[in-house]
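Now for the letters of each chain:
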Amino acid sequence: MKPKVLLYKPLPDDQRQRLATHFDLAEFDGFHPDNEVEFLTALRQAEGIIGGSGIKLTTEHLAQAINLKVASTISVGTDQYDLDYLARRNIPVMHTPGVLNETTADTLFALLMCTARRTLELSNMVKEGRWKHTIGPELYGTDVNGKTLGIIGMGRIGQALAKRAHLGFDMKIQYANRHRNPQAEQAYKAQYMDIDTLLAQSDFVCVMTPLTAETEGLIGAREFALMRPDSIFINGSRGRVIDEAALIEALHNKQIRAAGLDVFHQEPLPADSPLCQLDNAVLFPHIGSATVETRHKMIICAIDNLIHAMSGDLSKNCANGHLLKE
Ligand code: DGY
């Protein structure tokens, strides 16, 4: 008999088939009030689960998954699960680092360019017929090339961003991280420093840390106050790494020049969020890795992870391996 797996994200047919050759699949398009009863019944039976980062399965839900052996997510972020809780039950959480680094760094760089050069604001002006004269200094952007980029969280994605900035745009790179990153220091002349110094000395600040108990609320009113009024803030990690209300305040008061955000406290972002009213906020709908090619690679990786982990091989892509019992 094939092991039972709960799939809760729609997959392309070929990859669905691949999963189905290994597992007895219970399929859901997500987890919502309409399918709650069926979903929880399938969860109770499942030995494996596979889905995306948009759906949070709480410990109360997971406590019902009494047969669970492996959780595999089609994302690098794993904050939708309580990793410690799953580790206490000796359940590995598999994720997809690596395959999305370059695409996510492209998205971050797009936010950086859009905010600096005000491209969305100016494009809207053209589309809405408000382009009446050659634009003047009140609508000028600010240079990206040659400026200083501060990266908070110099992991794989941070490093891919540093590559673009340093090699492509001649930017000076500084970073704050739990550990030093000798590779980034060597390849991109990245300078290691504490967060406060980085905030005070960067033209652009980009946050790329995972969301953990330590990073939740890492950047708040005190930190925005350390930034310069002409600096630009980018968040591509998770919404709750920053105090969103404090950011809105900082943007509103022009304490900083602009912000580019791909992640929010609540996703989808409610249309009545004050962020939607701010010309100096560029907002993306959590599209860091959302290209055809990269999402396909992530799905393949997450399925491979599930197949390997279900047969006891945790050698690659296990997010809570360090917490599991031997
Ligand atoms: C990730 O992989 O964690 C991205 O944020 C998409 O969910």
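The structure this text deals with has already been given above.
Residues numbered from 1 in each chain as written. Predicted model: local features only at pLDDT ≥ 70, side-chain atom pairs only at ≥ 80, totals over all residues. Heavy atoms only, no water.

Draft legend 1. Representation of the site of the ligand in the model. Taken together, Ser-53, Ser-75, Val-76, Gly-77, Leu-100, Arg-238, His-286, Ser-289, Arg-295 and Met-298 are the residues near the ligand. In this structure, Val-76 approaches the ligand through a main-chain N or O atom, which is 2.7 Å from an oxygen atom. Here an oxygen atom of the ligand sits 2.7 Å away from a polar atom, N or O, in the side chain of His-286. Contact with the protein chains hides 89% of the accessible area of the ligand, taken as 230 Å² for the molecule alone. (Near = heavy atom within 4 Å. Polar contact = N/O pair within 3.5 Å; in protein donor to acceptor, adjacent residues only side chain to side chain. Areas by Shrake-Rupley, 256 points an atom, 1.4 Å probe, with all protein chains shown as cover.)

Draft legend 2. Highlighting the side chain of Ser-237. Structurally, the position occupied by Ser-237 is in the loop between strand E10 (232–235) and helix H11 (244–252). Of the polar contacts made by the side chain of Ser-237, one reaches the side chain of Asn-235; its length is 2.7 Å. Not counting residues within four places of it along the chain, the set of residues in contact with Ser-237 comprises Val-207, Met-208, Thr-209 and Val-263. (Helix = DSSP H or I, 4+ residues; strand = E, 2+ residues; numbered from the N terminus. Contact = heavy atoms within 4.5 Å.)

Draft legend 3. The packing of aromatic side chains, seen in detail. In the structure shown here, the tally under the stated rule is 6 aromatic pairs. Each ring, one from Tyr-8 and one from Phe-39, has its centre 5.8 Å from the other, and the planes form 75 degrees; the classification is edge-to-face. Taken as a pair, Tyr-8 in the loop between strand E1 (4–7) and helix H1 (13–22) and Phe-39 in helix H2 (residues 36–45) lie far apart in primary sequence, 31 residues in all. Through successive ring pairs, a cluster of aromatic residues spans Tyr-8, Phe-28, Phe-31 and Phe-39. (Phe/Tyr/Trp six-rings, centres within 6.5 Å; stacked < 30°, edge-to-face > 60°.)

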